[in-house]
Amino acid sequence: TRSGGLPEVLPSRDYIKKWAAGWRKRFGIRRAPLPMAIPADAPSLRAKVKCFWKMLAFQRGPEACDGREILYLNVDETSVPYTARPAIGCVINRKQYKSSGLPAVPHAKIQPAGRRGTFTYCAVIASNTGIQPALPHFLVSNGTRLSSKVVKAFKCLPKTQLQVLRRKSAWVTSDLMIAILQEVAKALEPFLHQFRPVLLLDGAPAHVSEAVMRAARKLNISLVYIPCGATSLCQPLDVYAFSSFKQYLRQKYHEHRQTATDGLPSTLA
């Protein structure tokens with residue numbers, strides 16, 4: 001612009017992508033698509049939410065209730081990164097850092113595999129706070145990232161409701177969803193004389209398969225599917241739980257980093 005026009009030969013596309021990646025890494029900026037804003041008064045969205053509440057009202061009806069109290073459950077999964085994103089702080093140049101008296105290595109290097117990989121965390125929440133402590137929740141990982149040695153060490157820790165599942169893939173499939181439903185039904189057995197479980201699910205492919213529907217019917221769990229595009233309004237885990245849960249995970253990760261010898265928490269931690 002200062003010379004009165006663009007240069008005749010522009011930088012190559014690969015050079016621009018490499019430079020932009022370095023710039024984002026330097027200032028801790030993440031590139032991602034902006035979420036699509038759906039108007040609150042969109043007729044289709046309002047119709048979907050209205051339909052969802054009608055389905056819940058049907059579950060509360062006297063014919064479906066059989067005298068027991070309705071227990072609403074919500075099962076959903078979310079990705080959890082192996083290494084939380086570092087907190088963004090002050091940016092100073094290398095010369096100023098060396099003269100500041102801080103440690104020689106300003107950061108712990110994270111390998112590419114640690115930056116890219118994720119676990120799958122599957123949460124189960126209930127509308128009754130007295131039943132919530134009895135419900136299981138699950139952390140799913142592939143065998144490459146989670147060694148059998150770590151799983152054995154985890155089993156030696158104080159027992160909680162968390163179940164660590166080491167599988168070929170961290171993706172939630174129909175078979176895994178059926179296993180999760182079986183564990184939930186097992187945890188609910190002492191309460192079935194008083195409560196009738198109604199499970200809210202989104203429209204993920206692993207949730208809507210015929211095998212999952214048949215398994216839920218066999219376990220006496222009623223399924224109510226949240227309409228597509230309305231999970232941010234109707235699914236409790238998306239509305240209230242996952243955001244604060246991930247903030248908690250990032251906080252604990254940074255606390256572990258402060259006590260780790262090399263700045264990187266162990267997989268078991």
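Residues numbered from 1 in each chain as written. Predicted model: local features only at pLDDT ≥ 70, side-chain atom pairs only at ≥ 80, totals over all residues. Heavy atoms only, no water.

Under the annotation held in an unreviewed UniProt entry, the chain carries the name DDE-1 domain-containing protein and is attributed to Durusdinium trenchii.

Asker: Could you give me a rundown of the overall build of the chain, with the residues and numbers involved?
Answerer: Looking only at helices and strands, the chain features 10 helices and six strands. Across the 269 residues in the chain, those meeting the buried criterion constitute 30%. In the chain, 76% of the contacts between residues at least 6 apart in sequence involve partners at least 24 apart. As presented, the chain carries roughly 18,900 Å² of accessible surface, and 58% of it is formed by carbon and sulfur atoms. (Helix = DSSP H or I, 4+ residues; strand = E, 2+ residues; numbered from the N terminus. Buried < 20%, exposed > 50% of the residue type's maximum accessible area, 1.4 Å probe, protein only. Contact = heavy atoms within 4.5 Å. Areas by Shrake-Rupley, 256 points an atom, 1.4 Å probe, with all protein chains shown as cover.)

Asker: Now, about a nonpolar patch on the surface: what can you tell me, with residues and values included?
Answerer: Residues Tyr15, Ile16, Trp19, Trp23, Phe27 and Ile29 make up a contiguous nonpolar surface patch of about 630 Å² in total accessible area. Here tryptophan 19 is to be found in helix H1 (residues 13–27). (Patch = residues over 30% accessible without salt bridge, like charges linked within 9 Å, V, L, I, M, F, W, Y side chains within 5 Å. Salt bridge = Lys/Arg side-chain N within 4 Å of Asp/Glu carboxyl O.)

Asker: Now, about the packing of aromatic side chains: what can you tell me, with residues and values included?
Answerer: One pass over the structure, following the stated rule, counts four aromatic pairs. Note on tyrosine 82 and phenylalanine 119: the rings are 4.7 Å apart at their centroids and 70° apart in plane angle, and the pair reads as edge-to-face. With tyrosine 82 in the loop between strand E1 (69–81) and helix H4 (94–98) and phenylalanine 119 in strand E2 (residues 118–126), the pair connects residues that are 37 residues apart, well separated along the chain. When sorted by exposure, tyrosine 82 lands in the same class as phenylalanine 119, which is buried. (Phe/Tyr/Trp six-rings, centres within 6.5 Å; stacked < 30°, edge-to-face > 60°.)

Asker: For the nonpolar core, give the residues involved together with the corresponding values.
Answerer: In terms of nonpolar packing, the biggest core is built from 29 residues, with Leu73, Val75 and Leu135 touching the most fellow members. Put simply, the parts of the chain that give this core at least two residues each are E1, E2, strand E3 (137–142), helix H7 (174–188), strand E5 (195–201) and helix H8 (210–218). Judged by nonpolar contacts, the second largest core, of 12 residues, contains Val49, Ile70, Ile226 and Cys234. (Core = buried A, V, L, I, M, F, W, Y, C linked by side-chain atoms within 4.5 Å.)

Asker: Help me get a handle on unusual backbone geometry, residues and values and all.
Answerer: Although it is not a glycine, asparagine 220 sits at a positive phi angle of roughly 60°. Here asparagine 220 shows up in the loop between H8 and strand E6 (222–225). Since its relative accessible area comes to 60%, asparagine 220 is described here as exposed.

Asker: Tell me about the side chain of serine 222, and please be specific about residues and values.
Answerer: In this fold, serine 222 is placed in strand E6. For serine 222, a relative accessible area of 18% gives the class buried. Within polar-contact distance, the side chain of serine 222 engages the side chain of arginine 196 at 2.7 Å. (Polar contact = N/O pair within 3.5 Å; in protein donor to acceptor, adjacent residues only side chain to side chain.)

Asker: Help me get a handle on the pattern of salt bridges, residues and values and all.
Answerer: With the rule as written, the count across this model stands at three salt bridges. Between lysine 186 and glutamate 183 there is a salt bridge; the shortest N-O distance is 3.7 Å. Here glutamate 183 and lysine 186 lie together in helix H7, a separation of three residues that amounts to about one turn. You can call lysine 186 exposed: its relative accessible area is 51%. What makes glutamate 183 partly exposed here is its relative accessible area of 25%. Put simply, glutamate 255 and lysine 252 hold a salt bridge, and the shortest N to O gap is 3.2 Å.

Asker: I'd like a description of the pairing of E3, backed by residues and values.
Answerer: Sheet topology places E2 next to E3; three bridges connect them, and they run antiparallel. Bridging from a neighbouring strand, threonine 120 pairs with valine 140 of E3. Where E3 meets strand E4 (residues 162–167), six bridges bridge the pair, whose relative direction is parallel. Pairing of valine 140 across the sheet is with leucine 165, part of E4. Since E3 and E4 lie parallel, the crossover through helix H6 (residues 148–155) that links them has a hand, and here it is right-handed. (Pairing = 2+ DSSP bridges. Right-handed = clockwise from strand over helix to strand, strands pointing away.)

Asker: Break down the side chain of threonine 78 for me, with residues and values.
Answerer: Among the secondary structure elements, threonine 78 is positioned in strand E1. Here the side chain of threonine 78 touches lysine 246 through a polar contact of 2.9 Å, side chain to side chain. Once residues within four sequence positions are removed from consideration, threonine 78 is found in contact with Phe119, Thr120, Tyr121, Phe242 and Lys246.

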